[in-house]
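# What the coordinates show
As a plain string of letters, each chain reads:
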Number of protein chains: 2
Amino acid sequence: MTPGDTRARAHIVYAHFEPRSFVAAMRDTVADSLVAQGWAVTCSDLYAERFNPVAQAQDFVERRNPGYLVYSLEQRHALEHQALAPDIAAEVERVRHADLLVLVFPVFWFSVPAILKGWIDRVFLSGLFYGGRRVYDRGGMAGKRALVVTSLGGRRHMFGPDGIHGDITSMLRPVLQGSLAYVGYEVLEPFVAYHVPYITDAERGSLLEDLHASMQALDSRATLRMPSLDCFDDELRRLQ
Amino acid sequence: MTPGDTRARAHIVYAHFEPRSFVAAMRDTVADSLVAQGWAVTCSDLYAERFNPVAQAQDFVERRNPGYLVYSLEQRHALEHQALAPDIAAEVERVRHADLLVLVFPVFWFSVPAILKGWIDRVFLSGLFYGGRRVYDRGGMAGKRALVVTSLGGRRHMFGPDGIHGDITSMLRPVLQGSLAYVGYEVLEPFVAYHVPYITDAERGSLLEDLHASMQALDSRATLRMPSLDCFDDELRRLQ
């Protein structure tokens, strides 16, 4: 990104181990659609970059308390003293300047792959992304949007209120609400590709066309309803 | 574990980076309570063992399809050909022989830390833990029990149907339902310690006493209601 570039910025975080996977094709579709619309697009390819997902003491080159690790307190200290591990600092810079964050991953165990979970654990810094009552619509990323683009092995009928696995949005609540909305993002309705390992190439092509159309219609995409701090008191108890 | 040992077996999977943490004390309480009741107890200390949580091609010493990685298919192939990476094979042996699996971790972002997510991603093998319609009460671990023991920064009033973050059991659904119940475990009601970073030593001691009492009353602990395959047809559509 060059200084003075006034384009809207999107950052994609992509987590799949197979470069020829459908999830890789979804990442390319997201990137190409955004570029065609004039966005400046960057991407963290977590597998290709061998991103380390394990939150640990070595994430801080200088410690507030070297004898006892409280991760969020060390994050705050490291922010103030430029003491973050370089890989974390680089990711934070990419994310904080992006108007749109897109997470592209396959669902593993109703959730994100570990390499992406650890990206959240390490990059969403206390003090910058959230802190105290600076959560949800008062979080550090308020005013920005986030989108989840994901694939599943299951069929659509296995999800939803009557489906064996339950509703997909509530299934993804730890990432949609507990991570993205928690730090302030306006969270768009996720794009979910079902039954991917078992469908034909034509069906996959059709899903990518749907995704392309979704990216073109991003501004009219539904957003998920999330808690607002306006409805809670100073101790985060619901106001009557 | 010596051959001929007829004690009931528990395996604890513990994920915290600070050896003097409250979560470490919860792990010790769980282990000590079980040993005192006559259980044989083993533990995976994921941080101490530097467990690698990233599912990847190197998890298989021989590949069914070296050109394109479908993780679950390679898991099945590796099971049949003893081709699992040694760290995975060791964890699988510990878990498959345990009557009770206990996961002990701090909640990070409404979820498990990445190092524990990756333990699930890599250890819960397709073909052994689940496969096809061998899920939920027909999963590979059917007849065994699992318990989540976890800590949170938030206060109890922030959770529940009216709480800002929503219900804790639904928050933990990816691990409770999507991982443990999915592979067949009978899932006990989780033990949740709230507000841990902010409470007194006496309050922490009291929580550990509660945990000890919970472990002594394990056989009467409530279990979570999970889907039964009896209610679904061959395509996992709900029977009318």
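Residues numbered from 1 in each chain as written. Chains lettered and ligands numbered in written order. Predicted model: local features only at pLDDT ≥ 70, side-chain atom pairs only at ≥ 80, totals over all residues. Heavy atoms only, no water.

## Thoughts on helix H7 (residues 201-216) of chain B
Residue and element names in this part refer to chain B. Given a rise of 1.5 Å per residue, 16 residues ought to cover 22 Å, and the 23 Å separating the end C-alpha atoms of H7 matches this to within 8%. Looking at H7, one finds that the buried residues are Arg204, Leu207, Leu211, Ser214 and Met215. With its buried residues spanning 100 degrees around the axis, H7 presents them on a single face. Those residues of H7 that are exposed and aimed more than 90 degrees away from the buried face are Ala202, Glu209 and Gln216. For H7, the secondary structure elements touched by its buried residues are helix H1 (22-36), strand S4 (145-151) and strand S6 (191-193). (Helix = DSSP H or I, 4+ residues; strand = E, 2+ residues; numbered from the N terminus. Expected span 1.5 Å × (residues − 1). Buried < 20%, exposed > 50% of the residue type's maximum accessible area, 1.4 Å probe, protein only. Arc of directions from axis to C-beta. Contact = heavy atoms within 4.5 Å.)

## Topic: the relation of the copies chain B and chain A
Put simply, the second copy of the chain is the first one after a rotation about an axis and a shift along it. With an axial shift of 0.0 Å and an RMSD of 0.0 Å, the rotation relating chain B to chain A amounts to 180 degrees. These values place the two chain copies in the arrangement generated by a two-fold rotation axis. Identified as the residue of chain B closest to the rotation axis by C-alpha distance is Ala114 of chain B, at 2.5 Å. Interface overlap between copies is the fraction of interface residues in one copy that are interface residues in the other; for chain B against chain A it reaches 100%, indicating a shared surface. (Least-squares fit on C-alpha atoms with pLDDT ≥ 70 in both.)

## Digging into the pairing of strand S1 (residues 9-14) of chain A
The two faces of a sheet get side chains in turn, since along a regular strand they alternate between them. All names here are of chain A. Burial runs high along S1: five of the six residues are buried. Where S1 and strand S2 (residues 40-45) come together, six bridges link them in parallel fashion. Residue His11 lies in a different strand from S2, and its bridge partner there is Thr42. The handedness of the S1 to S2 crossover, carried by helix H1 (residues 22-36), is right-handed. (Pairing = 2+ DSSP bridges. Right-handed = clockwise from strand over helix to strand, strands pointing away.)

## Observations regarding the side chain of Ser33 of chain A
Residue and element names in this part refer to chain A. By secondary structure assignment, the location of Ser33 is in helix H1. Given a relative accessible area of 1%, Ser33 falls into the buried group. Among residues more than four places away in sequence, those in contact with Ser33 are His212 and Met215.

## Let's talk about the packing of H1 of chain A against helix H7 (residues 201-216) of chain A
Residue and element names in this part refer to chain A. Where H1 contacts H7, the two axes come as close as 9 Å, and the packing angle between them is 30 degrees. Viewed along their axes, H1 and H7 adopt a mutual orientation that is roughly parallel. Considering only the axes of H1 and H7, their crossing is right-handed. Contact with H1, carried on its side by Phe22, Ala25, Met26, Thr29, Val30, Ser33 and Leu34, involves Arg204, Leu207, Leu208, Leu211, His212 and Met215 of H7 and no other residues of that element. (Axes fitted to C-alpha atoms, helices over the stretch in contact; angles between N-to-C directions. Parallel < 35°, antiparallel > 145°, perpendicular 65-115°, else oblique. Left-handed = near helix turned anticlockwise from the far one by under 90°.)

## Description of the environment of Thr200 of chain A
Residue and element names in this part refer to chain A. With respect to the helices and strands, Thr200 occurs in the loop between strand S6 (191-193) and H7. You can call Thr200 partly exposed: its relative accessible area is 42%. Through-space distance from the C-alpha of Thr200 to that of Phe110 is 24 Å; in sequence the pair is 90 residues apart.

## Notes on the nonpolar core
Trp119, Phe124 and Phe129 of chain A together with Trp119, Phe124 and Phe129 of chain B are the most contacted members of the largest nonpolar core, which totals 124 residues. Discounting chain neighbours no more than four positions away, the residues touching Phe129 of chain A are Val92, Val95, Val123, Phe124, Arg134, Gly139, Gly140, Met141 and Val183 of chain A. (Core = buried A, V, L, I, M, F, W, Y, C linked by side-chain atoms within 4.5 Å.)

## Some thoughts on helix H6 (residues 173-181) of chain A
Residues that lie three or four places apart on an α-helix share one face, since the helix turns once every 3.6 residues. Most of H6 of chain A is tucked away, with nine of its nine residues classed as buried. The set of residues buried in H6 of chain A consists of Arg173, Pro174, Val175, Leu176, Gln177, Gly178, Ser179, Leu180 and Ala181 of chain A.

## Some words on the side chain of Ser21 of chain B
Residue position: Ser21 of chain B is located in the loop between strand S1 (9-14) and H1. Among the polar contacts listed, one links the side chain of Ser21 of chain B to the backbone nitrogen of Ala24 of chain B, at a separation of 3.0 Å. When residues no more than four places from it in sequence are discounted, the contact partners of Ser21 of chain B are Tyr68 of chain A together with Tyr14 and His16 of chain B. (Polar contact = N/O pair within 3.5 Å; in protein donor to acceptor, adjacent residues only side chain to side chain.)

## Digging into the interface of chain B and chain A
Contact residues are listed per partner, giving 55 residues for chain B and 55 residues for chain A. Interface area for chain B against chain A, summed over the two sides, is near 4700 Å², with a carbon-plus-sulfur share of 60%. When the area that chain B buries against chain A is broken down by residue, the three leading residues are Trp109, Ile164 and Arg173 of chain B, summing to 19%. At the boundary of chain B and chain A, one finds two salt bridges. The shortest N-O distance in the salt bridge between Asp162 of chain A and Arg238 of chain B comes to 3.5 Å. In this assembly, chain B and chain A are joined by 28 residue pairs in polar contact (both at pLDDT 80 or more). Among the elements that take part in the side of chain B that touches chain A, helix H4 (residues 114-123) of chain B stands out by supplying six residues, more than any other. Residue classes in the side of chain B that touches chain A are distributed as 30 nonpolar, 13 polar and twelve charged. (Buried area = accessible area lost by both parts, 1.4 Å probe. Salt bridge = Lys/Arg side-chain N within 4 Å of Asp/Glu carboxyl O. Nonpolar A, V, L, I, M, F, W, Y, C, P; charged D, E, K, R; others polar.)

## Points about the environment of Ile168 of chain A
Structurally, Ile168 of chain A is set in helix H5 (residues 168-171). In this structure, the C-alpha to C-alpha distance between Ile168 of chain A and Pro190 of chain A, residues 22 residues apart in sequence, is 9.3 Å.

## Topic: the environment of Ala25 of chain B
Tracing the sequence through the fold places Ala25 of chain B in helix H1. For the pair Ala25 of chain B and Gly205 of chain B, spaced 180 residues apart in sequence, the C-alpha to C-alpha distance is 9.6 Å.

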